[in-house]
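# Per-entry structural report
Chain by chain, the residues run as shown.
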Amino acid sequence: QVHLVESGGGLVQAGGSLRLSCAASGSIFSINAMGWYRQAPGKQRELVTTMTNSGSKNYADSVKGRFTISRDNAKNTVFLQMNSLKPEDTAVYYCNAEGLHSVIYWGQGTQVTVSS
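Attention in this report is confined to the structure presented alongside it. Just so we're clear, the structure is a prediction, and the values are computed from it rather than from any experiment.

### Section: the pattern of salt bridges
- According to the stated counting rule, one finds four salt bridges in the structure shown.
- Here D61 and K64 are joined by a salt bridge, their closest N and O atoms 3.1 Å apart.
- When its relative accessible area of 64% is taken as the criterion, D61 is described as exposed.
- Between R66 and D89 there is a salt bridge, with its nearest N and O atoms 2.7 Å apart. Highlighted residues: R66 in the loop between β6 (57-59) and β7 (67-72) and D89 in the loop between β8 (77-82) and β9 (91-98), separated in sequence by 23 residues.
- The exposure class assigned to R66 is buried, which follows from its relative accessible area of 10%.
- Look at D89 and you get buried, because its relative accessible area is 1%.

### Quick look at the state of the cysteines
- Under the defined criterion, the tally for this structure stands at one disulfide.
- Each sulfur of the disulfide joining C22 and C95 lies 2.0 Å from the other. Classification of the bridge connecting C22 and C95 rests on its S-S torsion, roughly -80°, and on that basis the disulfide is left-handed. Of this pair, C22 sits in strand β3 (residues 18-26) while C95 sits in strand β9, and the two are 73 residues apart along the sequence.

### Considerations on the sheet that holds β7
- With antiparallel pairing, four strands are arranged side by side in an open sheet as β1-β3-β8-β7. The outermost strands of the open sheet, each flanked by one partner alone, are β1 (2-7) and β7. Each neighbouring strand pair of the sheet contributes to a mean axis angle of 20°, computed without reference to strand direction.
- Relative to β3, β1 is paired through six bridges, and the arrangement is antiparallel. Counted as the bridge partner of V2 is G26 from β3.

Criteria and thresholds
- Residues numbered from 1 in each chain as written.
- Predicted model: local features only at pLDDT ≥ 70, side-chain atom pairs only at ≥ 80, totals over all residues.
- Heavy atoms only, no water.
- Salt bridge = Lys/Arg side-chain N within 4 Å of Asp/Glu carboxyl O.
- Buried < 20%, exposed > 50% of the residue type's maximum accessible area, 1.4 Å probe, protein only.
- Helix = DSSP H or I, 4+ residues; strand = E, 2+ residues; numbered from the N terminus.
- Disulfide = S-S within 2.5 Å.
- Pairing = 2+ DSSP bridges.
- Axes fitted to C-alpha atoms, helices over the stretch in contact; angles between N-to-C directions.

Put into structure tokens, the structure is as follows:
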């Protein structure tokens, strides 16, 4: 089992920045990749970015050039640096981890609200 805890959400004005953190615990050795998804009200959950253990990164077109995923292996933590935020980035952001046999783990989510 992998336990994920997000932090760092909040309210920010358009054009501002936020940094989300996701701390992983439990069967860390089983994690193949981690990432971030988001879900806006009335919409489906969508991919924001992922990062494999080899360091390969993938971003949604809507966040390319503005968001950056990184990790601190010593702290088993993944970060999402969000710059130039837009009102349409408003959503609950979920940390995600893929473990052995493609088992998916989710955090509880953290709210990000961008005001215009």
